[in-house]
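Descriptive analysis of the structure
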Amino acid sequence: MEHITKSEQQTVDTAATWAKTLKPGDIIFLRGNLGAGKSVFARSLVRALVDDQALEVPSPTFTLVQTYDAPSGPIWHFDLYRLKKPEEIYELGWEDAIGEALMIIEWPERLGMLAPQHHIDIHIQSIENEPDSRMIHINHIG
Ligand SMILES: Nc1ncnc2c1ncn2[C@@H]1O[C@H](COP(=O)(O)OP(=O)(O)OP(=O)(O)O)[C@@H](O)[C@H]1O
Ligand SMILES: [Mg+2]
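All values derive from a computational prediction rather than experimental measurement. (Residues numbered from 1 in each chain as written. Chains lettered and ligands numbered in written order. Predicted model: local features only at pLDDT ≥ 70, side-chain atom pairs only at ≥ 80, totals over all residues. Heavy atoms only, no water.)

**Some remarks on the packing of helix α1 (residues 8–18) against helix α2 (residues 38–50)**
Just so we agree on the cut-off: Helix axes are fitted to C-alpha atoms over the stretch in contact, other axes to C-alpha atoms as well, and angles between N-to-C directions run from 0 to 180 degrees. Starting at the N terminus, helices and strands are each numbered in turn, a helix being any DSSP run of H or I of at least four residues and a strand any DSSP run of E of at least two. Our angle categories are set so that under 35 degrees counts as roughly parallel, over 145 as roughly antiparallel, 65 to 115 as roughly perpendicular, and the remainder as oblique. If you view the pair so one helix is near and one far, a crossing is left-handed when the near helix is turned anticlockwise from the far one by less than a right angle, and right-handed when it is turned clockwise. Any two residues whose heavy atoms approach within 4.5 Å are treated as being in contact. Note that Gly is not counted as nonpolar here; it falls among the polar residues with everything else outside the nonpolar set of Ala, Val, Leu, Ile, Met, Phe, Trp, Tyr, Cys and Pro and the charged set of Asp, Glu, Lys and Arg.
At a closest axis distance of 8 Å, the pairing of α1 and α2 adopts a crossing angle of 45°. The orientation of α1 with respect to α2, classified from their angle, is oblique. Our pair here, α1 against α2, has a crossing hand that is right-handed. Contact residues: Glu-8, Thr-11, Val-12, Ala-15, Ala-16 and Trp-18 in α1; Val-40, Phe-41, Ser-44, Leu-45 and Ala-48 in α2. Looking at the contact of α1 with α2, its residues break down into eight nonpolar, two polar and one charged.

**So, the pattern of salt bridges**
What counts here: A side-chain nitrogen of Lys or Arg and a carboxyl oxygen of Asp or Glu constitute a salt bridge if their distance falls within 4 Å. For every residue, the accessible area obtained with a 1.4 Å probe (protein chains only) is divided by the maximum for its type, and the residue is called buried under 20%, exposed over 50%, and partly exposed between those limits.
Throughout the structure, instances matching the rule amount to three salt bridges. Notably, a salt bridge pairs Lys-6 with Glu-130, separated by 3.4 Å at the nearest N-O pair. Here Lys-6, found in the loop between β1 (2–5) and α1, pairs with Glu-130, found in strand β7 (residues 130–141); they are 124 residues apart in sequence, far enough to count as distant. Residue Lys-6 is classed as partly exposed on the basis of its relative accessible area, which comes to 49%.

As structure tokens, then:
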């Protein structure tokens with residue numbers, strides 16, 4: 001599935017609509033370059049699922065994970081940019097979350113061999129000469 005968004009708000013709206021298809025245990029990989037819009041997309045997912053548009057959803061840049069309680073179940077939002085080696089995820093409670101929580105993972109590349117096979121891949125790409133546009137690819141893998 002492909003979406004082209006022409007503004008940050010359109011990406012927020014796309015994510016909020018798509019959030020309705022998600023269920024606990026789903027694992028979402030959010031891929032794309034620095035500044036692609038992974039955190040914008042993740043924040044909109046969390047706000048839609050918790051049903052609170054004003055909810056603070058900080059990038060877990062240093063803590064690597066931030067958890068939320070949604071009516072549908074727990075949400076774990078990872079930003080693994082600063083993960084030094086894949087095995088470090090076990091220190092974050094990874095095994096408790098797998099299969100139970102909805103997992104939203106920025107920089108899933110950092111998981112290396114520990115990356116779950118079965119996941120939903122979201123790739124956000126910028127578009128040349130259109131600084132406020134993005135191409136968003138969503139694919140179910142595994
Ligand atoms: N169509 C768009 N969709 C999403 N973000 C957009 C769009 N157009 C412009 N932007 C801007 O791009 C930036 C995306 O930032 P964001 O923090 O979400 O990126 P990121 O992929 O999480 O980067 P990082 O890898 O550094 O965490 C924001 O400043 C946002 O305003
Ligand atoms: Mg980010």
